[in-house]
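Here's the letter readout for the chains.
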Amino acid sequence: MKTQKVTGFALLAGAGLLSLSLATGAWAADINKLVDACTNCHERDGASHDPNMPIIGGYSEPYLISSLTAYKKKTRTCPEIEYLHGDKKVKLTDMCRIAKTLSEADIKKLAQYYASKKFRRANQDFDPELAKKGQLIHERDCEKCHSQAGSVASDDSGILAGQWTPYLRHQLLAFYTEKRKLADKMKPKFDKLDKTEMEAVLNYYASFK
């Protein structure tokens with residue numbers, strides 16, 4: 001009787017491990033398929049080398065979920081951008097077109113995947129003098145929500161330090177022209193910035209390597 005019980009427990013444990021293994025394998029296959037669809041633009045692990053494509057590996061899970069959901073619902077602007085196709089930029093797409101095919105479960109899986117990666121800062125040129133001015137502006141107006149120069153993912157506000165300047169400039173322009181909605185707490189501070197100050201802030205973020 002004791003042998004039968006031990007054998008039964010062993011069979012149950014083995015079945016449980018097999019089920020877990022199958023489920024893990026299915027999840028891995030599923031997430032790989034989803035990530036493959038993102039890789040043409042953002043590259044593997046979200047470490048984009050294209051200045052017009054944001055580096056997304058290392059963003060927080062809540063921020064990624066919020067962004068992808070906004071694209072899916074078209075509450076965030078979706079400009080058409082060229083993306084890599086093989087070794088050439090020959091295709092046009094936009095994030096609304098991509099996100100509309102994602103389920104809530106897909107969005108959560110992608111957010112978890114990219115949040116687990118390291119944010120790899122862009123290596124780009126910047127003007128040291130403008131960067132100094134930008135630091136003062138950031139500390140005055142932005143540090144409260146984008147702490148440590150916008151380098152802390154857990155702020156759930158994206159990552160600014162080391163992000164591609166052309167991408168950030170495009171986002172600032174979208175705010176400036178009201179094509180992208182500003183958060184209520186951000187709007188009063190953003191509205192008082194002129195374009196020269198925006199460039200200074202962009203140079204400050206670009207100074208992080």
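Look above for the structure.
Residues numbered from 1 in each chain as written. Predicted model: local features only at pLDDT ≥ 70, side-chain atom pairs only at ≥ 80, totals over all residues. Heavy atoms only, no water.

**Q** Is there a simple way to explain the state of the cysteines in this structure?
**A** Every disulfide links exactly two cysteines, by a covalent bond between their sulfur atoms. Inspection of every chain in the model, using the stated rule, returns one disulfide. Not engaged in a disulfide, the cysteine Cys38 finds its nearest cysteine sulfur in Cys41; these two sulfurs lie 8.3 Å apart. A disulfide-free cysteine, Cys142 has its sulfur positioned 8.8 Å from the sulfur of Cys145, the nearest such atom. (Disulfide = S-S within 2.5 Å.)

**Q** In this structure, what is going on with the pattern of salt bridges? I would like to understand it.
**A** When charged atoms on two side chains of opposite charge get close, those side chains can pair. Taken as a whole, this structure holds 13 salt bridges when the rule is applied. As a salt-bridge pair, Arg44 and Asp36 come within 3.0 Å of each other at their nearest N and O atoms. Look at Arg44 and you get partly exposed, because its relative accessible area is 39%. Among the salt bridges present, the one from Arg169 reaches Glu199, with a minimum N-O distance of 2.8 Å. With a gap of 30 residues between them, Arg169 in helix H7 (residues 165-176) and Glu199 in helix H9 (residues 195-206) connect regions that are remote in the sequence. A residue is classified by how much of its surface remains accessible, and Glu199, at 26% relative accessible area, is partly exposed. Residues joined by salt bridges that share partners form a network here, namely Arg140, Asp141, Lys192 and Glu197. (Salt bridge = Lys/Arg side-chain N within 4 Å of Asp/Glu carboxyl O. Buried < 20%, exposed > 50% of the residue type's maximum accessible area, 1.4 Å probe, protein only. Helix = DSSP H or I, 4+ residues; strand = E, 2+ residues; numbered from the N terminus.)

**Q** How do you make sense of unusual backbone geometry when you look at a structure like this?
**A** Backbone geometry follows two general trends: most residues other than glycine have a negative phi, and most peptide bonds adopt the trans configuration. Although it is not a glycine, Glu43 sits at a positive phi angle of roughly 65°. Here Glu43 is to be found in the loop between helix H1 (2-42) and helix H2 (61-72). Phi angles above zero are rare outside glycine, and Glu178 is one such case at about 65°. Inspection of the secondary structure puts Glu178 in the loop between H7 and helix H8 (187-191). Given a relative accessible area of 63%, Glu178 falls into the exposed group.

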